[in-house]
Amino acid sequence: MKASIANWGNYPWIDAEIVAPGNEDAIIDVLNKNQKLIPRGLGRCYGDSALQTHIISTSKLNHFLAFDEQHGILHCQAGVSFDEILKIFVPKGWFLPVTPGTKFVTCGGALASDVHGKNHHKEGTFSDHVLFFHLILPNGQKMRCSREENQDLFHLTCGGMGLTGIITDVCFKLKKIETAFIRQENIKAANLDEVIRLFEESANWTYSMAWIDCLSKGKSFGRSIMMRGENAMLNELSQKQRKLPLKVHSDGKLNVPFYFPSFVLNSFSVKAFNFLYYHKQTTKEIKNIIHYDSFFYPLDAIHHWNRIYGKKGFTQYQFVIPREKGREGLIELIGHIGKKNMGSFLTVLKLFGKQKENYIRFPMEGWTLAMDFKIQPSLWKFLDEMDEIVLKYGGRVYLTKDVRMKPHFLLHTYPQASSFIDRIRTINPHIISSLQSERLEII
Ligand SMILES: Cc1cc2nc3c(=O)[nH]c(=O)nc-3n(C[C@H](O)[C@H](O)[C@H](O)COP(=O)(O)OP(=O)(O)OC[C@H]3O[C@@H](n4cnc5c(N)ncnc54)[C@H](O)[C@@H]3O)c2cc1C
């Protein structure tokens, strides 16, 4: 099928030939055609990582293969989504070990980006819970990869942005839960120092993140709302919640039916939104028990929310800087956003825990900030300036959100990038590549 296609940021759009093979032989047939191609899940990466003139969609690799009820070990095909997993396994008392801020991602996509959630400091990334997966290499060979078998391919593929081959199925461990609810505390922080202190005090909480207002200045510079949570136990639920303690999320009914005109989002509307969001919570602290869907996936409630950025689309810029230089770096980076009036609605701050360096996996121990910016001419220079500051503090930028990073920035900020590139070029003779891998001169 020929189609015009973009990922979540609606930028860039390209014309591509999309095929959706339903089994391994069909995947090998596609690879044998020797056309440049990239695997694609649900296209929730923001930029150009899952774009190429030929795309292998995993939409037909959507079967559950096995489940070990005693240990919570799930084996499923790579196109199965987190949404589908939750619908089946929450009622059985199991949850995802790590989840990003949307449930509309596939297992293959989650592994290829090695996604993190609000629990990185305690429970690592998605691949930390993966026991094994199967991969079809660009030459058509099928490999089983784990920490014991084909270890190097295992590590190259976790966070390898689809460049090692097609992941056909993934086996990973789910997390036991007593209820589908989260005991949540929302705490207002008057400024950056207070939110940093709150993160440090919350080290024992399983889940934590903060929404931060990037445009506030003076004494309220960095004002935030920190959200922390724990899986709730049965005895913590209200009478009503106890009637269905393992309740599954429902499909969102709201929808943004068309692209907003691009003038709707400007620095005034962003400032107004941030002001209202901060003041919506009238008390210093709120404690409540909420459903996992509201805690982990508030944005999923509105389908196509990405259209509010207009037809030209948007990008998400997510960086991480080492913990020891965190305060200084955050002051400079958030200060730069304010100085250039480039506010973002949904700026999210998290503190990553310890992380072993591994090829081009994104996390490192430190502060990570994710911001959405609509595409406009002044954006590219501004993001290059942000890169310079990130580089100065020894940080890096997340590839699954990227659409404009430069090759030298990748090489300078990911210490193992050049060995990743060497290894990829050995196993992948220019068959699998994305617009991103070409731009970054990986392959
Ligand atoms: C609202 C929102 C919130 C998000 N929050 C977070 C977050 O908190 N943390 C986080 O880490 N990420 C987050 N993300 C990013 C998202 O989790 C990743 O981009 C994820 O990889 C998307 O999965 P997907 O199935 O849509 O993959 P795609 O977007 O289709 O592809 C992503 C990458 O995976 C590769 N890939 C996909 N399937 C396969 C396969 N079967 N074999 C080999 N390679 C494959 C693609 O080639 C591409 O490089 C968020 C995204 C959105 C839209």
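Definitions and limits used
Residues numbered from 1 in each chain as written. Predicted model: local features only at pLDDT ≥ 70, side-chain atom pairs only at ≥ 80, totals over all residues. Helix = DSSP H or I, 4+ residues; strand = E, 2+ residues; numbered from the N terminus. Rg over C-alpha atoms; globule rule 2.2 N^0.38 Å. Buried ≥ 20, exposed ≤ 12 C-beta atoms within 10 Å, placed from the backbone. Contact = placed C-beta atoms within 7 Å. Pairing = 2+ DSSP bridges. Axes fitted to C-alpha atoms, helices over the stretch in contact; angles between N-to-C directions. Domains from an automatic or database assignment. Nonpolar A, V, L, I, M, F, W, Y, C, P; charged D, E, K, R; others polar. Near = placed C-beta within 6 Å. Core = buried A, V, L, I, M, F, W, Y, C linked by C-beta atoms within 7 Å.

Comments concerning the overall build of the protein chain
Here's step 1: When helices and strands are counted, the protein chain shows 14 helices and 21 strands.
Here's step 2: Relative to its length of 443 residues, the protein chain is compact, with a C-alpha radius of gyration of 21 Å against a globular reference of 22 Å.
Here's step 3: In terms of principal-axis extent, the alpha carbons of the protein chain reach across some 60 × 55 × 45 Å.
Here's step 4: Across the 443 residues that make up the protein chain, the buried fraction comes to 48%.
Here's step 5: Across the protein chain, every contact between residues at least 6 apart in sequence was considered, and the portion connecting residues at least 24 apart equals 75%.

Considering the sheet that holds strand β12 (residues 181-189)
Here's step 1: Spatial strand order, β16-β12-β14-β13-β19-β20-β18-β21: eight strands in an open sheet with antiparallel pairing. Looking at the sheet topology across the chains shown, the edges are occupied by β16 (285-291) and β21 (396-397).
Here's step 2: Against the sheet, helix α10 (residues 326-339) engages β18 (314-322) and β20 (366-374), with an angle of about 10° to β20.
Here's step 3: Together, β18, β20 and β21 form the strand contacts of helix α11 (residues 379-392), whose direction differs from that of β18 by roughly 10°.

Points about the domain arrangement of the protein chain
Here's step 1: One can read the domain layout of the protein chain as domain 1 (64-177) and domain 2 (181-404).
Here's step 2: Once you take the C-alpha centre of each, domain 1 and domain 2 turn out to be 24 Å apart.
Here's step 3: At the interface, 26 residues of domain 1 touch 25 residues of domain 2.
Here's step 4: Considering every element that reaches the side of domain 1 that touches domain 2, the biggest residue donor is helix α4 (residues 120-123), with three residues.
Here's step 5: Among the residues forming the side of domain 1 that touches domain 2, the class breakdown is eight nonpolar, 13 polar and five charged.

Thoughts on the site of the ligand
Here's step 1: In the vicinity of the ligand, 34 residues are found, and the nearest of them are G41, P100, G108, G109 and G162.
Here's step 2: Every element with two or more residues in the shell around the ligand is listed here: β3 (38-40), α3 (107-112) and β10 (166-173).
Here's step 3: With four residues, α3 is the single largest residue contributor to the shell around the ligand.
Here's step 4: Grouping the constituent residues of the shell around the ligand by class yields 16 nonpolar, 16 polar and two charged.

Let's talk about the sheet that holds strand β1 (residues 2-5)
Here's step 1: One open sheet accounts for four strands, arranged β1-β2-β4-β3; its pairing is mixed. What marks the edges here is a single partner per strand, and that holds for β1 and β3. Pairwise comparison of adjacent strand axes, ignoring direction, gives a mean angle of 45° for this sheet.
Here's step 2: In this sheet, strand β4 (residues 54-57) lies alongside β3 in parallel orientation, the contact comprising three bridges.

Focus on the nonpolar core
Here's step 1: Of all hydrophobic cores here, the largest spans 120 residues; its most connected members are L111, V170 and V195.
Here's step 2: For V195, the contacting residues outside a window of four places in its chain are A189, A210, I212, G222, S224, M226 and L349.

A few points about the pairing of strand β2 (residues 14-19)
Here's step 1: Relative to β2, β1 runs antiparallel, the two being bridged by four bridges. Within β2, the position partnered with A3 by the bridge is A16.
Here's step 2: Taken together, the three bridges between β2 and β4 define a ladder with parallel strand orientation. In the strand pairing of β4, V19 is matched with I56.

Some remarks on the environment of I302
Here's step 1: Along the polypeptide, I302 turns up in strand β17 (residues 302-303).
Here's step 2: Assessed through the 15 C-beta atoms surrounding it within 10 Å, I302 is described here as partly exposed.
Here's step 3: Residues I302 and K142 lie 160 residues apart in sequence; the distance between their C-alpha atoms is 39 Å.
Here's step 4: Not counting the four nearest positions on each side in its chain, I302 is found in contact with G252, L254, N255 and V256.

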